[in-house]
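Secondary and tertiary structure notes
If you want the building blocks of each chain, they are given just below.
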Amino acid sequence: MRQAKFEVKNRKIGANTFYVRALPPLQGLKLYGDLQKAITAALKGGLTSDGGTEDMKEALLGAQINIGAILAQLGESFNGEVLAQFSERLLDAEYVSVKIKGEEEAIMLTEDVINELFTGKLVELLKLEKFIVEVNFGDFFALIPNLSGVREMLVSK
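Residues numbered from 1 in each chain as written. Predicted model: local features only at pLDDT ≥ 70, side-chain atom pairs only at ≥ 80, totals over all residues. Heavy atoms only, no water.

Section: the overall build of the protein
Note the cut-off: Helical segments are the DSSP runs of H or I of at least four residues, strand segments are the runs of E of at least two, and each set is numbered from the N terminus. Residue exposure (1.4 Å probe, protein chains only): buried if accessible area is under 20% of the type maximum, exposed if over 50%, otherwise partly exposed. For accessible areas, the Shrake-Rupley method is used with a probe of radius 1.4 Å. Any residue's cover is judged against the shown protein chains and nothing else.
Broken down by element type, the protein carries eight helices and four strands. Tracing the protein from N to C terminus, the helices and strands come up as β-β-α-α-α-α-β-β-α-α-α-α. Burial statistics for the protein: of 157 residues in total, 31% are counted as buried. Per element, the accessible surface of the protein, about 10400 Å² overall, is 54% carbon and sulfur.

Shown next, in the form of structure tokens:
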């Protein structure tokens, strides 16, 4: 049986170096689909032409993009419970390890290690999660086009 080779990427965040290996494809697709669903729901919430239409193309062509509504919907889509669920899925110790400053060896990123490293440092935790998303879905952010680019694309058609 042929064994797959998995590239491990690393990044220093704060004082520690984190090592991330991509999720298996089917597990990654499930996570990607859930992330996409949450983000596109937020985008749709901020795209209306006059408040009375839900036609995204019409809303984009009408340039009525309500950033406040998008941010508010993102807040609803990513409430605390949802953020914790995505975090648990992203911070899988089978795929994420850390070399703590001053230590010789990298260790698995277990829940205890997460608590030790990130208590009071949620911004660093979010940076790690962003890195994990980059490793697993390198083109994830490129696939969510900026709103002006979508508008220009629709106008040109």
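Some remarks on the packing of aromatic side chains
The criterion, for reference: When two rings of Phe, Tyr or Trp (its six-membered ring) have centres within 6.5 Å they constitute a pair, described as stacked for plane angles under 30 degrees, edge-to-face for angles over 60, and tilted for the intermediate range.
This structure, assessed with the given rule, holds two aromatic pairs. Aromatic pair tyrosine 32 and phenylalanine 137: ring centres 5.4 Å apart, planes at 50 degrees, arrangement tilted. Taken together, the positions of tyrosine 32 in helix 1 (residues 25-45) and phenylalanine 137 in the loop between helix 6 (122-136) and helix 7 (140-143) put the pair 105 residues apart, joining distant regions of the chain.

Things to note about the sheet that holds strand 2 (residues 16-21)
Note the threshold: For two strands to be treated as a pair, DSSP must find at least two bridges joining them. Throughout, a contact is declared for two residues whenever any of their heavy atoms are within 4.5 Å. Only the contacting stretch of a helix is used when fitting its axis, a line to C-alpha atoms as for every element, and angles between N-to-C directions run 0 to 180 degrees.
Spatially, the four strands line up as an open sheet ordered 1-2-3-4, and their pairing is antiparallel. Whereas interior strands pair on both sides, the edge strands pair on one side only; in this sheet they are strand 1 (8-13) and strand 4 (107-108). Examined bridge by bridge, strand 1 and strand 2 share six bridges and lie antiparallel to one another. By the bridge assignment, asparagine 10 is partnered in strand 2 with tyrosine 19. Packing of helix 5 (residues 111-118) onto the sheet brings it into contact with strand 2, strand 3 (96-99) and strand 4, and relative to strand 2 it is tilted by some 145 degrees. Contacting strand 1, strand 2 and strand 3, helix 6 crosses the sheet at an angle of about 160 degrees to strand 1.

Some thoughts on helix 6
Owing to its 3.6 residues per turn, the α-helix aligns residues three or four sequence positions apart on the same side. This is how it is decided: In a helix, the anticipated span is given by 1.5 Å times the number of residues less one.
The end-to-end C-alpha separation of helix 6 is 21 Å, in line with the 21 Å expected for 15 residues at 1.5 Å each. Those residues of helix 6 that sit buried are Leu125, Leu128, Glu129, Phe131, Ile132, Val133, Val135 and Asn136.

Some details on the nonpolar core
Defined as follows: The term nonpolar core refers to a set of buried residues drawn from Ala, Val, Leu, Ile, Met, Phe, Trp, Tyr and Cys, joined through side-chain atoms within 4.5 Å.
The biggest cluster of nonpolar side chains holds 29 residues, and the ones touching the most others in it are Phe18, Leu109, Leu117 and Leu128. Elements that contribute at least two residues to this core include exactly strand 2, helix 1, helix 4 (80-90), strand 3, helix 5 and helix 6. Examining the composition of this core, we find that six residues originate from one element, helix 6, more than from any other. Leave out the neighbours within four places in its chain, and leucine 109 touches Phe18, Leu91, Ala93, Val96, Ser97, Val98, Ile114, Leu117 and Leu128.

Quick word on a negative patch on the surface
Here is the rule: Patch members must show over 30% relative accessible area and no salt bridge, and they are joined within 9 Å when carrying like charges or within 5 Å when they are nonpolar side chains of Val, Leu, Ile, Met, Phe, Trp or Tyr. What makes a salt bridge here is a side-chain nitrogen of Lys or Arg within 4 Å of a carboxyl oxygen of Asp or Glu, nothing more. The charge count treats Lys and Arg as positive and Asp and Glu as negative. His and the chain ends do not count. Think of each charge as sitting on NZ of Lys, CZ of Arg, CG of Asp or CD of Glu.
A cluster of acidic side chains, namely Glu88, Glu103, Glu104, Glu105, Glu111, Asp112 and Glu116, defines a negative patch on the protein surface. At three residues, helix 5 tops the list of elements feeding residues into the negative patch. Mapped onto the elements of the fold, glutamate 104 is located in the loop between strand 3 and strand 4. By relative accessible area, glutamate 104 is classed as exposed at 70%.

So, the pattern of salt bridges
For the structure shown, the criterion picks out three salt bridges. Of the charged contacts, one joins arginine 89 and aspartate 34 as a salt bridge, the two residues approaching to 2.6 Å between their closest N and O atoms. Residue arginine 89 is found in helix 4, and its partner aspartate 34 is found in helix 1; the two are separated by 55 residues along the sequence. Look at arginine 89 and you get partly exposed, because its relative accessible area is 32%. Taken together, the shared-partner salt bridges in this structure form one network comprising Arg11, Lys130 and Glu134.

Focus on helix 5
Put simply, the rule reads: In this context, the arc is that of the directions from the helix axis out to the C-beta atoms.
Those residues of helix 5 that sit buried are Val113, Ile114, Leu117 and Phe118. When helix 5 is viewed along its axis, its buried side chains cluster within an angular range of 105 degrees and face the same direction. Turned more than 90 degrees off the buried face of helix 5, the exposed positions are Glu111, Asp112 and Glu116. Buried-residue contacts for helix 5 involve strand 2, strand 3, strand 4 and helix 6.

By themselves, these are just geometric observations and shouldn't be taken as functional.
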